[in-house]
Amino acid sequence: VQLLESGGGLVQPGGSLRLSCAASGFTFNRHGMSWHRQAPGKERELVASINTSGRSTTYADSVRGRFTISRDNHENTVYLQMNNLKDEDTGVYYCKAFGESMISWGQGTQVTVSS
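These lines cover the structure that appears in this document, whether it is placed above or below. (Residues numbered from 1 in each chain as written. Predicted model: local features only at pLDDT ≥ 70, side-chain atom pairs only at ≥ 80, totals over all residues. Heavy atoms only, no water.)

**So, the sheet that holds strand β1 (residues 2-6)**
Here is step 1: A sheet is described by the order of its strands in space; here four strands give the open sequence β1-β3-β8-β7, paired in antiparallel fashion. Since the sheet does not close on itself, it has two edges, and those belong to β1 and β7 (67-72), each with one partner. Ignoring which end each strand starts from, the neighbouring axes of this sheet average 15 degrees apart.
Here is step 2: Examined bridge by bridge, β7 and strand β8 (residues 77-82) share six bridges and lie antiparallel to one another. Residue pairing for β8: Arg-71 is matched across the bridge by Val-78. (Pairing = 2+ DSSP bridges. Helix = DSSP H or I, 4+ residues; strand = E, 2+ residues; numbered from the N terminus. Axes fitted to C-alpha atoms, helices over the stretch in contact; angles between N-to-C directions.)

Right, dumping it as structure tokens:
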């Protein structure tokens, strides 16, 4: 199982980033996917999740209306579109695959929001 995140970087407040997580080594369309983040000195928190078909999504209150999670089951990739970024969105963003008795994490990608 491999989850490879990309798309992180430095962005000014109010800016946008799109994170990608390319999955391999398992049957992607049988697993839910989620994005989590961890800020320095804080615990890892759930940002958004999406079910196997992509028709059901959930969001943390802090990002609802600004972030959008989506998936492409043909490309085995899950995305996180982040708009109107704030300083408090800074952290390492991880994708996770779950389901069928499996949980797997990617290595993370750094997102820094700063002027």
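There's more to say after this.
**Side note on the layout of surface pockets**
Gaps left between atoms are located by rolling a probe of water-molecule size over the structure's atoms.
Here is step 1: In this structure, the largest pocket encloses a volume near 150 Å³.
Here is step 2: Arg-37, Gln-38, Ala-39, Lys-42, Glu-43, Glu-45, Asp-87, Glu-88, Thr-90 and Gly-91 are the residues that line the largest pocket.
Here is step 3: When grouped by side-chain class, the residues that make up the lining of the largest pocket number one nonpolar, three polar and six charged. (1 Å grid on protein atoms, 1.4 Å probe; cavity = no way out; pocket = protein on both sides within 12 Å on 5 of 7 lines; lining within 4 Å. Points joined across faces, edges and corners; volume = space filled by probe spheres on them. Nonpolar A, V, L, I, M, F, W, Y, C, P; charged D, E, K, R; others polar.)

**Overview of unusual backbone geometry**
Here is step 1: Positive phi is not limited to glycine here, since Asn-84 has a value of about 50 degrees.
Here is step 2: Note that Asn-84 resides in the loop between β8 and β9 (91-99).
Here is step 3: Phi at Ser-101 is positive, roughly 65 degrees, even though this residue is not glycine.
Here is step 4: Among the structural elements, Ser-101 can be located in the loop between β9 and β10 (102-105).

**Concerning the pairing of strand β4 (residues 32-38)**
Here is step 1: In terms of burial, β4 is a largely internal element, six of the seven residues being buried.
Here is step 2: Across five bridges, the pairing between β4 and strand β5 (residues 45-50) is antiparallel. If you follow Arg-37 over to β5, its bridge partner there is Glu-45.
Here is step 3: Counting the residues in the hairpin turn of β4 and β5 gives six residues, including Gly-41, whose phi is positive at 80 degrees. (Buried < 20%, exposed > 50% of the residue type's maximum accessible area, 1.4 Å probe, protein only.)

**Quick word on the pairing of strand β3 (residues 17-24)**
Here is step 1: Here β1 pairs with β3 via five bridges, running antiparallel. Paired with Glu-5 across the two strands is Cys-21, which belongs to β3.
Here is step 2: Where β3 lies against β8, six bridges are found, and the strand directions are antiparallel. Its bridge partner being in β8, Leu-19 is matched across the sheet by Leu-80.

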